[in-house]
Amino acid sequence: MEIKIQSFFIFLLLLSLFMIFSKHSAYPDYYFTVKTGGRWVLLQESIGISAMHMQVLKNNKVIMFDRTDFGLSNLSLPDGKCRINDDVVPIDCTAHSILYDIASNSFLPLTIITDPWCSSGSVDADGTLIQTGGDKKGEKIIRTFSPCDDCDWVELNSPRLFNRRWYSTSQVLPDGRIVIVGGRRVFTYEFYPKSSFQPDNVTFPFLAQTRDPQEENNLYPFLHLLPDGNLFIFANNRSILFDYKRNQVIKEYPVLRGGSRNFPSTGSSVLLPLRMTGEPKTPEAEVLICGGAHPGAYIKAQKENVYLEASRTCGRLKLTDPDSQWVMEFMPTPRVMNDLILLPSGDVLIINGATNGTAGWNDAVNPVLNPVLYLPDAAPSPTERFVVLTASIIPRMYHSTAALLPDGRILVGGSNPHPTYNFTARPYATELSLEAYYPPYLDVQHSKLRPSILTVEAAEKTLSYNEMFAVTFVLNLNREEFGIIVELITPPFNTHSFSMNQRMVVLNVVNVERLSSFGYKVNVIGPTSVNVAPPGYYMLFVVHAGIPSHAVWVRLR
């Protein structure tokens, strides 16, 4: 009798889970079979530096760097190279940047000269990282890094940034230029490359209006390029729709309640997947903002060693609605300094951060070790959209980073809540390790559902706008009918809990053809315009039942 009762309750539990996850209509097979919270793998005990900034490149390398005035790192520069240190030591012969190889799990030291602390970055249409600003001698510097095996940093003497850009944000534009917005006590924006047709520096009053004079909590404003070609810009708790061509605010959205969201009250923001399926040809755009800190939290931590509980709210705003209103949801725990990472499954990973305090030197406590999976379409009830995943054992506090890799893993590094390197501090030492988080879709139990891309049938893997191309793939599962999704994901620049230029475009699938018992061909239409997906390099994933393939790099132009 007892066994029957237990079996009955187990049946009810499974039935309820099915009812919840089956509402995620795009990927029902995957969500019904989620049985684990993923897993963590330590890749490197030490990469020699703390990964404060991170960028995945088209050659399957990842560039990481911290700052040049931390002192001596644990990684020497090659060939006796040294630089004059800005602060801590007179001569520094150690590296503050590395190039990490994903396939071999190895890394090489790089030479960065001027201080890139709290800088911004974007990848241009050729795949080159354009890295802007920093502190002190680096505050007006433009640096470039080309994706090749033996390249190093190039620091441009000319042009230079017009204003100091410390805690600024950059965004790739539809015409291939990059706009750099804000910075500490800088209420302007400018463009790269420089143009004789555009002013070098444009006044932007919105940043002055949103600045708290004590906490300055509108640094690293959130920028997202929308499918109409305008910018969504969020600072502190306010946001606007902005026409950068005419320097005009088109619309101001309602205030997002629940605290401040930008540095040092650091939450995070992501533009949810843009779907090209169906009509209209211009997709809906919706933004998600999670975490942050309540007013006064930074001052309390700095001056009183009092660490206020962080915000546990997320706000969703459908930007393309005529009467846009924030819809509030609640994370399982409060979170500050959290990253939001778009997964190829269409979901959002909430990772890193703490439950109390703010960003800053030793200004937060109680790390959140469990990532959380946010299911944007799982159910109408906000409480059903969050799934707590397997915890790491390494706190990732101030200056931690996270990035999606082409194989679907999440690369996680950094964490240094100290003004210099401090490898013995307790409880939060300077962290030099590198981890990989394997989301549940990488579980072995899903291997039969995982597609494997064979070819992208486009010349030199170059896609054209609004034109059809084909992808052939293998699926170790004989099925007559199934859903296939093809999507493009940008490799964003991640620092201070915000992934600049992060973007997912779900393409319009025309049809799927069977080529053999396990071979298939999917015909797909490219993005409709440069506003939807700016020219450049993207990771192309094929997704079956919520399980993504290993990505293939393609170029869109």
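Keep in mind that what you see is a predicted model, and the values were worked out from it rather than measured. (Residues numbered from 1 in each chain as written. Predicted model: local features only at pLDDT ≥ 70, side-chain atom pairs only at ≥ 80, totals over all residues. Heavy atoms only, no water.)

Colleague: Could you give me a rundown of the side chain of Arg385, with the residues and numbers involved?
Modeller: Turning to its location among the elements, Arg385 is positioned in the loop between β29 (372–374) and β30 (386–388). Within the local environment of Arg385, its side chain forms a polar contact with the backbone oxygen of Pro376, the two atoms lying 3.3 Å apart. (Helix = DSSP H or I, 4+ residues; strand = E, 2+ residues; numbered from the N terminus. Polar contact = N/O pair within 3.5 Å; in protein donor to acceptor, adjacent residues only side chain to side chain.)

Colleague: How would you sum up the side chain of Thr111? Please name residues and give values.
Modeller: Among the structural elements, Thr111 can be located in the loop between β7 (106–110) and β8 (120–123). Classification of Thr111 as buried rests on a relative accessible area of 15%. Sequence-distant contacts of Thr111, defined by excluding residues within four places in its chain, comprise Leu77, Lys81, Asp152 and Trp153. (Buried < 20%, exposed > 50% of the residue type's maximum accessible area, 1.4 Å probe, protein only. Contact = heavy atoms within 4.5 Å.)

Colleague: Describe the pattern of salt bridges, listing the residues and the values that go with them.
Modeller: A full pass over the atoms with the stated rule returns 26 salt bridges. In this structure, Glu329 engages Arg316 in a salt bridge whose closest nitrogen and oxygen atoms are separated by 4.0 Å. Here Arg316 lies in strand β23 (residues 313–318) and Glu329 lies in strand β24 (residues 327–330), a separation of 13 residues in the sequence. We classify Glu329 as buried; its relative accessible area is 0%. What makes Arg316 buried here is its relative accessible area of 8%. Two residues, Lys521 and Glu457, come together in a salt bridge whose shortest N-O distance is 3.5 Å. Placement of the pair is Lys521 in strand β42 (residues 519–525) and Glu457 in strand β34 (residues 451–457), with a sequence separation of 64 residues. (Salt bridge = Lys/Arg side-chain N within 4 Å of Asp/Glu carboxyl O.)

Colleague: Any chance you could break down unusual backbone geometry for me, citing the residues and the numbers?
Modeller: The step from Ser158 to Pro159 runs through a cis peptide bond, and the omega angle for that step is 0°. Within the fold, Pro159 resides in the loop between β11 (154–156) and β12 (169–172). Of note, the bond from Phe263 into Pro264 is cis; its omega dihedral lies within 30 degrees of zero at 5°. Here Asp79, not a glycine, exhibits a phi torsion of approximately 55°, which is positive. By the element assignment, Asp79 lies in the loop between β3 (61–65) and β4 (83–84). Since its relative accessible area comes to 75%, Asp79 is described here as exposed. In this model, Asn466 sits at a positive phi of 60°, which is unusual for a non-glycine residue. The topology assignment puts Asn466 in the loop between β35 (462–463) and β36 (468–475). Judged by relative accessible area, which is 46%, Asn466 ranks as partly exposed.

Colleague: Describe the sheet that holds β24, naming the residues involved and giving the relevant values.
Modeller: Read across the open sheet, the four strands follow the order β20-β22-β23-β24; overall the sheet is antiparallel. Here the strands that pair on one side only, and so sit at the sheet edges, are β20 (268–271) and β24. This sheet shows a mean twist of 20° between the axes of neighbouring strands, independent of strand direction. As paired strands, β23 and β24 are joined by four bridges and run antiparallel to one another. Bridge pairing links Gly315 to Met328 in β24. (Pairing = 2+ DSSP bridges. Axes fitted to C-alpha atoms, helices over the stretch in contact; angles between N-to-C directions.)

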